[in-house]
Amino acid sequence: MGALLILPVCLLAGILLRRSGRMPEGGHVPLTVFVVNVALPALTLVQLHGAPLGAEILWPVAMPWLIFGLAFVPFRLAGRALGLPRETTGALILCGGLANTAFVGLPMVLAFHGPAFVPVAVMADQLGTFLVLSTLGTVVAAAHAGEAAGGLARSVTAVARRLLAFPPFLATAAAFALMPVAFPSWLSDGLHALGAAVVPAALCAVGLQLRAAECRAVAMPLVLGLAFKLLLAPAVLLAVVSLAGAGGEAVRVGLLQAAMGPQIGAAVIAAQYGLDRRLVSAMVAVGIPLSFVTAPAWHWVLAHAVP
């Protein structure tokens, strides 16, 4: 339960630091840089090293791909029906189709399922959410930024560069390559210590960006995006799992990960491609705190609905 309580505390800390002026404008940037380049790779390496690669991870890894595919058509149709700009539609697809399976999902899984299932959650994050973001997410962002075909082609070419330059992905590759090699205790302890900084630093960074006025300005697409991300998408995946006759705790972990709020990485990619900045910030800043309520509710539902 302590791992769960730290989530709102760190988010509130970021809000108070910004409002008090103790953290300068843009203070979230160095925190995010540290998480992406140091803490998250360390956590990925130590958790994936020695992790099971059995059939039980197939559903958790597949779910982020299913959610992103599920988000594409409804948001495109909604964008046309409501006359939304392409940039807003693209922001909805990215932030509504990608869950925060790392910064929020990992401590949620730890709190509800225990440390034994954290490797399953890491697999879902790295082989699911991150790969979706780095491949399909990048292409969708470029297309909805209104770039020409040449720009889109450049974005596809950039996928390989992004994969080879992104530290958590490199840590994933290293973890698989080093599976036959036992880590010394000093290395494992050091990686665990660095990885423990992921949650407080990332959520503090989110709190630093939370601004109520910007949320009100994008209220309609914000409600649309969060209703899909937090309610509809997990419900559809639960129906798919039930129809397929799948079950087990690993499946429940995958479904819980799918019910997380919008991914911070998706917001970063959306901003890089000039999508709706206000909506992107609001989706993350409002969706993550709401997931502190909706995700535990989904955990209760899944405990009764998935055998």
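Higher on the page you've got the structure.
Parameters at a glance
Residues numbered from 1 in each chain as written. Predicted model: local features only at pLDDT ≥ 70, side-chain atom pairs only at ≥ 80, totals over all residues. Heavy atoms only, no water. Buried < 20%, exposed > 50% of the residue type's maximum accessible area, 1.4 Å probe, protein only. Helix = DSSP H or I, 4+ residues; strand = E, 2+ residues; numbered from the N terminus. Core = buried A, V, L, I, M, F, W, Y, C linked by side-chain atoms within 4.5 Å. Contact = heavy atoms within 4.5 Å. 1 Å grid on protein atoms, 1.4 Å probe; cavity = no way out; pocket = protein on both sides within 12 Å on 5 of 7 lines; lining within 4 Å. Points joined across faces, edges and corners; volume = space filled by probe spheres on them. Nonpolar A, V, L, I, M, F, W, Y, C, P; charged D, E, K, R; others polar. Axes fitted to C-alpha atoms, helices over the stretch in contact; angles between N-to-C directions. Parallel < 35°, antiparallel > 145°, perpendicular 65-115°, else oblique. Left-handed = near helix turned anticlockwise from the far one by under 90°.

### Some remarks on helix 5 (residues 105-113)
Among all positions of helix 5, only Gly105, Leu106, Pro107, Met108, Val109 and His113 are buried. Downstream of helix 5 by one or two residues, Gly114 has phi in the positive range, about 90°.

### Points about the nonpolar core
Counting 90 residues, the largest nonpolar core has Phe103, Val104, Leu222, Leu255 and Ile288 as its most contacted members. Beyond its immediate chain neighbours, meaning those up to four positions away, Ile288 contacts Asn100, Val104, Leu203, Val206, Pro262, Ile264 and Met283.

### Section: empty space enclosed by the protein
For the coordinates displayed, the defined rule picks out two cavities of 30 Å³ or more. The calculated volume of the largest cavity comes to roughly 70 Å³. Lining of the largest cavity is provided by 13 residues; of these, Pro64, Ile67, Thr101, Thr129 and Ala258 occupy positions nearest its centre. Among the elements that make up the lining of the largest cavity, the one with the highest residue count is helix 3 (residues 58-82) (four residues). Among the residues making up the lining of the largest cavity, the classes are represented as eight nonpolar, five polar and no charged. In this structure, the second largest cavity spans a volume of roughly 40 Å³. What lines the second largest cavity is simply Leu40, Leu43, Thr44, Ala102, Leu106, Ala121, Val122, Asp125 and Gln126. Counting only elements with at least two residues in the lining of the second largest cavity, the list comes to helix 2 (28-48) and helix 6 (118-144). Tallied by class, the residues present in the lining of the second largest cavity amount to six nonpolar, two polar and one charged.

### Considering the layout of surface pockets
Empty space within the largest pocket amounts to approximately 960 Å³. Taken together, 45 residues form the lining of the largest pocket, with Thr32, Ile264, Gly265, Ala267 and Val268 sitting closest to its centre. Within the lining of the largest pocket, the residues separate by chemical class into 25 nonpolar, 13 polar and seven charged. Estimates place the volume of the second largest pocket at around 350 Å³. Forming the walls of the second largest pocket are 16 residues, and the residues nearest its centre are Leu43, Leu110, Gly195, Ala196 and Val199. The set of elements that each furnish at least two residues to the lining of the second largest pocket consists of helix 1 (2-20), helix 2, helix 5, helix 9 (185-195) and helix 10 (198-208). Taken together, the residues of the lining of the second largest pocket sort by class into 13 nonpolar, three polar and no charged.

### A closer look at the packing of helix 6 against helix 8 (residues 167-177)
The geometry of a pair of packed helices is captured by two quantities: the angle between their axes and the separation between those axes. In contact at an axis separation of 11 Å, helix 6 and helix 8 are set at 135° when each is read in the N-to-C sense. By the angle between their directions, the pair helix 6 and helix 8 is classed as oblique. Helix 8 is crossed by helix 6, and the crossing has left-handed handedness. Packed against helix 6, whose contacting residues are Met123, Gln126, Leu127, Phe130 and Leu131, the element helix 8 presents Pro168, Phe169, Thr172 and Phe176 at the interface. Here the contact of helix 6 with helix 8 is built from residues that sort into seven nonpolar, two polar and no charged.

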